[in-house]
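# Reading the structure
Below are the chains, spelled out letter by letter.
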Amino acid sequence: MTRTPHNRSLRKSLLGTAFLALPACSSVAQAASYTMFRDPGCGCCVKWAEHFEEGMDAHVTTTNSTDMAEVKMDKGVSRELWSCHTMEVEGYVIEGHVPTAAIEKLLRERPEGVTGLAVPGMPLGSPGMEAGKRVQPYQVIAFGSIGQRVFASYP
């Protein structure tokens, strides 16, 4: 192909547009937004969302619901796994005070038959449930077509 001034100008214009679009694409990836469902009277959910935002470099939008049982049943969370808030992250259900390290592991490994992670109840010392030096040991439970199994344990 013969390089004419018109071709060079067009190529420069296309390259310039591509370079301008790159930062826009990367900031879209960094600005991932997730919706957390919570009871409006619960304060620990907000603390957990801050933990998630910091650990996952993401933004959490809060949707208040006075019928969290319906939200949890809708998302397929068994009653024995319930906690206070529920969120979907990249197609997975995250129930309760799950640490970001466990969520990152889930997203990295994407185990077959797992639809979500849960920390049942509200154990002291879990993200969002900090209470000084008081800590209760707890487990992160993976659930889905595999049934339920321990995914991670915390002291």
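Scroll up to find the structure.
What counts and what doesn't
Residues numbered from 1 in each chain as written. Predicted model: local features only at pLDDT ≥ 70, side-chain atom pairs only at ≥ 80, totals over all residues. Heavy atoms only, no water. Helix = DSSP H or I, 4+ residues; strand = E, 2+ residues; numbered from the N terminus. Expected span 1.5 Å × (residues − 1). Buried < 20%, exposed > 50% of the residue type's maximum accessible area, 1.4 Å probe, protein only. Arc of directions from axis to C-beta. Contact = heavy atoms within 4.5 Å. Core = buried A, V, L, I, M, F, W, Y, C linked by side-chain atoms within 4.5 Å.

## Examining helix H2 (residues 44-56)
Under the 1.5 Å per step criterion, the end-to-end length of H2 is 18 Å for 13 residues, consistent within 8% with the ideal 18 Å. Inspection of H2 places Cys44, Cys45, Trp48, Ala49, Phe52 and Met56 among the buried residues, and these make up the whole buried set. Within H2, the buried residues cover an arc of 140° as seen down the axis, which keeps them to one side. Where H2 is buried, its residues contact strand E1 (33-38), strand E2 (59-64), strand E3 (86-89), strand E4 (92-96) and helix H4 (100-109). Within two residues after H2, Asp57 carries a phi angle of roughly 50°, on the positive side.

## Side note on the nonpolar core
If you look at the biggest cluster of nonpolar residues, it comprises 30 residues, and the most contacted ones within it are Phe52, Ile103 and Leu117. Counting residues per element, the ones that place at least two in this core are E1, H2, E3, E4, H4, strand E5 (116-119), strand E6 (138-144) and strand E7 (147-154). Looking at this core element by element, the count peaks at six residues for H2. Those residues within four positions of Ile103 in sequence are excluded, and the remaining contacts are Trp48, Phe52, Met56, Val89, Ile94, Val98 and Leu117. If you look at the next biggest cluster of nonpolar residues, it comprises six residues, including Leu81, Val93, Ala118 and Ile141.

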